[in-house]
Amino acid sequence: MPVLTRLIPSPVVVDIRPGALDDLAGVLADERISQSGRLAVAVSGGSGAKLRERIAPSLPGATWYEVGGGTLDDAIRLAGDMKAGHFDAVVGLGGGKIIDCAKFAAARVGLPLVAVPTNLAHDGLCSPVATLDNDAGRGSYGVPNPIAVLIDLDVIREAPARFVRSGIGDAISNINSVADWELSNRVNGEKIDGLAAAMARQAGEAVLRHPGGIGDNDFLQVLAEALVLTGISMSISGDSRPASGSCHEINHAFDLLFPKRAASHGEQCGLGAAFAMYLRGAHEESAYMAEVLRRHGLPVLPEEIGFTLDEFVRAVEFAPETRPGRYTILEHLDLKTNQIKDIYADYVKAIGS
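Residues numbered from 1 in each chain as written. Predicted model: local features only at pLDDT ≥ 70, side-chain atom pairs only at ≥ 80, totals over all residues. Heavy atoms only, no water.

An unreviewed UniProt entry lists the chain under the name Dehydrogenase, from Streptomyces diastatochromogenes.

Participant: Would you mind going over the packing of aromatic side chains with me for this structure?
Facilitator: Given two aromatic rings, their pairing is described by the distance between the two centres and the angle made by the two planes. Evaluated as defined, the whole model comprises 11 aromatic pairs. Judged by centre distance (4.5 Å) and plane angle (25 degrees), the rings of Phe254 and Phe307 are stacked. Of this pair, Phe254 sits in helix α10 (residues 246–257) while Phe307 sits in the loop between α12 (283–295) and α13 (309–318), and the two are 53 residues apart along the sequence. The exposure class of Phe254 is buried, given its relative accessible area of 0%. With 5.4 Å between their ring centres and 50 degrees between their planes, Phe312 and Tyr344 make a pair best called tilted. (Phe/Tyr/Trp six-rings, centres within 6.5 Å; stacked < 30°, edge-to-face > 60°. Helix = DSSP H or I, 4+ residues; strand = E, 2+ residues; numbered from the N terminus. Buried < 20%, exposed > 50% of the residue type's maximum accessible area, 1.4 Å probe, protein only.)

Participant: Even after reading the chapter, I still don't get the sheet that holds strand β8 (residues 148–152), so can you show me in this structure?
Facilitator: Strand-to-strand pairing in sheets goes through backbone hydrogen bonds, with the strands running parallel or antiparallel. Spatially, six strands are ordered β1-β8-β5-β4-β2-β3 in an open sheet, and the strand pairing comes out parallel. Each end of this open sheet is capped by a strand with a single partner; those strands are β1 (13–17) and β3 (63–66). Ignoring which end each strand starts from, the neighbouring axes of this sheet average 15 degrees apart. Across the sheet, helix α3 (residues 72–82) touches β2 (39–43), β3 and β4 (89–94), and the angle it forms with β3 is around 160 degrees. Against the sheet, helix α4 (residues 96–109) makes contact with β2, β4 and β5 (113–117), and its axis sits at roughly 165 degrees relative to β4, the strand it touches most. (Pairing = 2+ DSSP bridges. Axes fitted to C-alpha atoms, helices over the stretch in contact; angles between N-to-C directions. Contact = heavy atoms within 4.5 Å.)

Participant: Got a minute to help me understand the packing of helix α6 (residues 161–172) against helix α8 (residues 194–209) in this structure?
Facilitator: The description of two helices packed together rests on the angle between their axes and the distance between the axes. Here α6 crosses α8 at 130 degrees, and the two axes come no closer than 8 Å. Between α6 and α8, the angle is such that the two are oblique. Classified by chirality, the crossing of α8 by α6 is left-handed. Here Ile168, Ala171 and Ile172 of α6 lie close against α8, whose contacting residues are Gly204, Val207 and Leu208. For the contact of α6 with α8, the residue count by class is five nonpolar, one polar and no charged. (Parallel < 35°, antiparallel > 145°, perpendicular 65-115°, else oblique. Left-handed = near helix turned anticlockwise from the far one by under 90°. Nonpolar A, V, L, I, M, F, W, Y, C, P; charged D, E, K, R; others polar.)

Participant: Is there a simple way to explain the UniProt feature "binding site: glycerol" (unreviewed entry) in the chain in this structure?
Facilitator: Taking the UniProt record as the reference, the feature "binding site: glycerol" (unreviewed entry) is found at Asp123, Asp170, His248 and His265. For this annotated set, covering 143 residues, all C-alpha atoms fall within 12.4 Å of each other, a compact arrangement in space. Along the chain, Asp123 turns up in the loop between β5 and β6 (129–134). Sequence-distant contacts of Asp123, that is, excluding residues within four places in its chain, are made with Asp170, Asn174, Leu227, Thr230, Gly231, Met234 and Ala243. Once you skip the residues sitting within four places of it in the chain, His265 turns out to touch His122, Ser166, Asp170, His248 and Asn251. (UniProt positions renumbered as here; feature names shortened; annotations may be inferred.)

Participant: Could you clarify how one ought to interpret the packing of helix α11 (residues 265–279) against α12 in this entry?
Facilitator: For the pair α11 and α12, interaxial distance at closest approach is 7 Å and the crossing angle is 160 degrees. As summarised for this structure, α11 and α12 are arranged roughly antiparallel, according to the angle between their axes. When you trace α11 past α12, the crossing you get is left-handed. On α12, the residues that touch Gly270, Leu271, Ala273, Ala274, Met277 and Tyr278 of α11 are His283, Glu285, Ser286, Met289 and Leu293. Its residues assigned to classes, the contact of α11 with α12 shows seven nonpolar, three polar and one charged.

Participant: For this particular structure, what's the right way to read the domain arrangement of the chain?
Facilitator: A common way to report how large an interface is uses the accessible area buried once the components associate. Along its sequence, the chain is organised into domain 1 (11–156) and domain 2 (160–350). Computed over C-alpha atoms only, the centres of domain 1 and domain 2 are separated by 27 Å. Facing 20 residues of domain 1, the contacting portion of domain 2 comprises 22 residues. Summed over both partners, the interface of domain 1 with domain 2 comes to about 1,600 Å²; 68% of that surface belongs to carbon and sulfur atoms. (Domains from an automatic or database assignment. Buried area = accessible area lost by both parts, 1.4 Å probe.)

Okay, here's the thing in structure tokens:
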């Protein structure tokens, strides 16, 4: 019988532990990513600049590039600057905006990317997507997966707590996203990649069920691993389907309708996931999800992030327009204004105050 298998796009190195940053040069040399040490390192002017002082002595062959923001222009400018060098790889050292810029620039110049995030705000640290602001608002650009991911838990602990909380909301929302994918499969026959779905769902469940908090290394380890696995699940499926459902549609609606008032990505996705789970009739799961989100200091009601009931209803109504062609519980139910208000009142009673 023939042996059937497939190659899974994933990083060569995933190193998640306290002190990982101090071994960056050695890891890249040992894994033959950069034995010469010729690296282009993209950093921010904030936390990245402080880390530069710490690790620059161990990377004598590196050229450092300060990235001003997270726009498409920033990424194109970074790629142009790097073309003059002869590098083995690009290192993105910083938050999500820096890593997304580095992803795009690395793809543009044909170099592998090493992702070294300084916070765990969302699952983009290992995904095949770069999200960048452009003239039309915000765009998602397909890029290769990082060749390596190093996450120093000591650095993560120094980041503002809100960034970790955002990552928790994004990871937990996987559970709702996979449920939406399965709904589309039942109704429309959309194909599901079982491995991608399993990885994304179990990543979300691991964070949801963990008893620890953001001050615990054990919990941060699980959260970091969950976000990496979620990124790999998107590479396996070839799109964001395993980690982007009705919860993310609601998040995008907040961003588009109220761009100057929107909360963090993970806060909005977590809230959206808890409500969407209630919409699909998973009332016990919704209540438990809301309980865990609250325990971690995340919002479960729109007023907790500064939105009125009418604004939330407007976002839920508008949400399906943010991802044309994607089928979720929102498209399935096709709720009108009064229906959303009625269900929201039941949701509030179900999760308690």
